[in-house]
Amino acid sequence: MSERNSGLYEKALTPLMKAASVLNIESDIVSVLSSPERALIVSIPVKMDRGKMRVFTGYRVQHNTSRGPTKGGIRYHPGVCIDEVKSLAFWMSIKNGVVGVPYGGGKGGITCNPKEMSQGELERLTRGYAAAIAKFVGPDQDIPAPDVGTNAQIMGWFADEYYKITGKHLPGVITAKPLSIGGSRGRGTATGRGAFFATLEAVKTFNMSLRGARVSIQGYGNVAQPIANYLYELGCKIVAVSDSVGGAYNPEGMNPTALAELKTKTRSVKGFPGSREISTGDPITVDCDILIPAALENQITEKNVNDVKAKLIVEEANGPTTPEADKILHEKGVKIIPDVLANAGGVTVSYFEWVQNRIGYYWSDEEVDEKLKGVMIKAFKDVYQTAQQHEIDMRTAAYVTSVKKIIEAMQALGRL
Ligand code: NAD
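Presented here is an overview of the structure given in this document.

Criteria and thresholds
- Residue numbers restart at each chain and count upward from 1, following the sequence in its written direction.
- Whole-chain, interface and lining totals are the exception, using all residues; otherwise, since this is a predicted model, local features are given only for residues with pLDDT of at least 70 and side-chain atom pairs are given and counted only at 80 or more.
- The basis for every side-chain value is the complete set of heavy atoms in the structure, and neither hydrogens nor water enter the calculation.
- Two strands qualify as a pair provided that DSSP identifies no fewer than 2 bridges between them.
- Strands are runs of DSSP state E lasting at least 2 residues, helices are runs of H or I lasting at least 4, and numbering of each runs from the N terminus.
- Lines fitted to the C-alpha atoms define the axes, with helices restricted to the stretch that makes contact. Angles between their N-to-C directions range from 0 to 180 degrees.
- A pocket, in this scheme, is an open set of points on a 1 Å grid over the protein atoms alone with protein on both sides within 12 Å along at least 5 of 7 lines, while a cavity is a set where a 1.4 Å probe fits but cannot get out; residues line either one if an atom lies within 4 Å of a point.
- Grid points are joined across faces, edges and corners, and a volume is the space filled by probe spheres set on the points.
- Here the term charged refers only to Asp, Glu, Lys and Arg, the term nonpolar to Ala, Val, Leu, Ile, Met, Phe, Trp, Tyr, Cys and Pro, and the term polar to all other amino acids, Gly among them.
- Partly exposed describes any residue whose relative accessible area lies between the buried limit of under 20% and the exposed limit of over 50%, with all areas from a 1.4 Å probe on protein chains only and scaled to the type maximum.
- Directions drawn from the helix axis to the C-beta atoms are what define this arc.
- A contact between two residues is defined here by any heavy atoms of the two lying within 4.5 Å.
- In protein, a polar contact requires one atom able to donate a hydrogen and another able to accept it; more generally it is a pair of N or O atoms within 3.5 Å, and residues adjacent in sequence count only if both atoms are side-chain atoms.
- When at least one non-hydrogen atom of a residue lies within 4 Å of a molecule or strand, that residue is treated as near it.
- For the area figures, the Shrake-Rupley method with a 1.4 Å probe applies, and any residue is considered shielded solely by the protein chains shown.
- In this entry, domain limits derive from an automatic or database-based domain assignment.
- Any Lys or Arg side-chain nitrogen located within 4 Å of an Asp or Glu carboxyl oxygen qualifies as a salt bridge.
- These descriptions rest on fixed angle ranges, namely under 35 degrees for roughly parallel, over 145 for roughly antiparallel, 65 to 115 for roughly perpendicular, and the rest for oblique.
- The crossing is said to be left-handed when, going from far helix to near helix, the turn is anticlockwise and less than a right angle, and right-handed when the turn is clockwise.

Regarding the sheet that holds strand β9 (residues 247-254)
No. 1: Strand order in this open sheet of 7 strands is β10-β9-β8-β7-β11-β12-β13, and the pairing throughout is mixed. At either margin of the open sheet sits one strand with a lone partner, and together these are β10 (276-278) and β13 (335-337). Direction aside, neighbouring strands of the sheet carry axes that sit 20° apart on average.
No. 2: Sheet topology note: the strand β7 (residues 214-218)/strand β11 (residues 290-293) ladder contains 4 bridges and is parallel. Across the sheet, the residue bridging to Val 215 is Ile 290, located in β11.

Structural notes on empty space enclosed by the protein
No. 1: Per the stated rule, a full pass over the model turns up 1 cavity of 30 Å³ or more.
No. 2: Lining the largest cavity are 18 residues, with Lys 11, Pro 15, Thr 321, Pro 323 and Arg 395 sitting closest to its centre.
No. 3: Every element with two or more residues in the lining of the largest cavity is listed here: α1 (8-12), α2 (14-23), α10 (323-332) and α14 (394-412).
No. 4: Counted by class, the lining of the largest cavity contains 7 nonpolar, 5 polar and 6 charged residues.

With respect to helix α9 (residues 256-266)
No. 1: Buried within α9 we find Pro 256, Leu 259, Ala 260, Leu 262 and Lys 263. Seen along its axis, α9 keeps its buried residues to an arc of 160°; they face one direction. In α9, the exposed positions angled more than 90 degrees off the buried face are occupied by Glu 261, Thr 264 and Lys 265.
No. 2: Where α9 is buried, its residues touch α8 (224-233), β8 (237-242) and β9.
No. 3: Looking at where α9 begins, the residue whose side-chain oxygen comes 2.8 Å from the main-chain nitrogen of Thr 257 is Asn 255.
No. 4: Remark: Arg 267 follows α9 within two positions and exhibits a positive phi of approximately 75°.

Points about the site of the ligand
No. 1: Taken together, 25 residues are adjacent to the ligand, and Asp 147, Thr 191, Asn 222, Ser 244 and Asn 318 come closest.
No. 2: The side chain of Asp 147 places a nitrogen or oxygen atom 2.6 Å from an oxygen atom of the ligand.
No. 3: Here an oxygen atom of the ligand sits 3.2 Å away from a polar atom, N or O, in the main chain of Gly 149.
No. 4: Relative to its unbound accessible surface of 840 Å², the ligand loses 88% to contact with the protein.
No. 5: Summarising the domain contributions, the shell around the ligand has at least three residues from each of domain 1 (3-8 + 25-172) and domain 2 (190-337).

Things to note about the pattern of salt bridges
No. 1: Counted according to the given criterion, the structure contains 25 salt bridges.
No. 2: Between Asp 326 and Arg 395 there is a salt bridge, with its nearest N and O atoms 2.9 Å apart. Of this pair, Asp 326 sits in helix α10 while Arg 395 sits in helix α14, placing them 69 residues apart in sequence.
No. 3: Among the charged side chains, a salt-bridge network with shared partners connects Arg 75, Glu 84, Lys 107, Asp 147 and Glu 297.

A few points about the packing of helix α7 (residues 190-205) against helix α12 (residues 345-359)
No. 1: With their axes 7 Å apart at the nearest point, α7 and α12 run at an angle of 120° to one another. One element, α7, and the other, α12, form an angle in the oblique class. Considering only the axes of α7 and α12, their crossing is right-handed. Between α7, through Ala 190, Thr 191 and Gly 194, and α12, the contact on the second element is made entirely by Gly 345, Gly 346 and Val 349.
No. 2: Its residues placed into classes, the contact of α7 with α12 shows 2 nonpolar, 4 polar and no charged.

So this is what it looks like as C-alpha cells:
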C-alpha cells in the first residue's frame, strides 16, 4: 500500500477555521473537529478475468459520530487516496449537519479505474471491499452510498455480501440501492433535484432570473444530468457540458436528454451535433450565467478563477473550488451555493431510504419529492440567514450552522 498526501485535507479545513473564528471556538475543539475518528486502509485481492490476481487499495473514513452513524458514498476512481477520502468524509459531517439528517460524516473509495474493468471484476472488487470493511459498517454504524464511479448495481452487490457475512437482511446498511431491494423512489435523481431546489431558492433570494439563463456544466454524470433537465424544462439554455473525455459548446443551447443519450452510447458528450468541441475544463470559464461544477475537486482554482463569468455557481461536486479561488469569487460578488448545501439532496434521500428500510414501509415519488423540497428550502434559508446575520459568505455560513450542531451533540454526549 502506498499513500500520498495531496494536501487536499488541509484545504478542506479552511472553511472550518473561518467558521471557528465566527463562533469563537477554541483551538483544542477545532483540532477535535479536524480529526477523523477512524480511517481504515484495506487491501483487496481480486482475481482478474485473465486469471491473475491484482491487489487494490480501499479506504473507509468515519469522521465524526456525535450526531449519528456515519454516512457517505464510495468512490471508484484512479485518483482515490486517503487524503481525498478524509476530505470527503469531513465534508459529509458538515453536509449532514447543514440539512439536519441524523448522521456523522463518512466516505469510502477504492483506487481503481472502473472504466477499464469488466462487470465480473467490478463485482469481485465490490464484494472484496464489503468483506474487508463489514465489521465497521452497518445501519447503526456507518452507511455507504454511491459516489463517482459507483452506481445502484454496486450498492446491490455490497448489500448482498454484507447480508451473507452477517447472516442478517439489513437493507439499511447501504443506500441508493435498486428499487427492487429496498431503494427509495427519487434517489437516482436526488442530488440533482436537491441542487435544483437550492438553485430556485438562490435565484429568488438574489433577484436573478432563470428564463433564458445560460448554464454551463463540468462533468455529466449522476448528479449533473437531472439538474440539466430540470433547468432546461424551466427555459434555461445548456450552453456547455463536459466529461472526462471532452466537451461540447453551443451558445444556442443543447438538449440535455440528447446529451445524456450520446454519453450513454459513446461514453462522452464530445461531438454533440451542432456543438463546438471544448476541453474538459472549459465549462468553468465559458460565457454563462450559472456554472455547475459536477465532476471532481479543485476545478476552480487561482489559475482560472479570473476567467469565470458566471454570476451564480452551484457546486454539485464536492470541493470543486479551492480556498484561494473561493476568496476571489467572493470578492468579485459571485454568488455560490456551496457543495455542503448544493449537493445535500443525495444524502437527504439516502436518509429517507434508510428510514423506509427501518420501518419497512415505502413512500411514493410525490412524498419523497415533497420532503426533499422542504429540507432543501429550509437548509438554504438557514444558511442564508446565518450569512446575513454574521455578514459572511454562504460557505462559511453553512459551516457555522453545521459546526454548531456538531459541537452541541458532542457536548450533550460529554465528549467535549
Ligand atoms: P459520476 O461518475 O456519475 O459522474 C462524474 C462525471 O464527471 C462523469 O461524467 C465524468 O466523465 C466527469 N469527469 C471526471 N473528471 C472530469 C474532468 N476532469 N473534467 C470534466 N468532467 C470530468 O459521479 P457523480 O456521482 O455524478 O459525482 C460527481 C460529483 O458529485 C462528485 O464530486 C461527487 O462527490 C459529488 N456528489 C455525488 C453525489 C451522488 O449522489 N452521486 C452526491 C453528492 C455529491
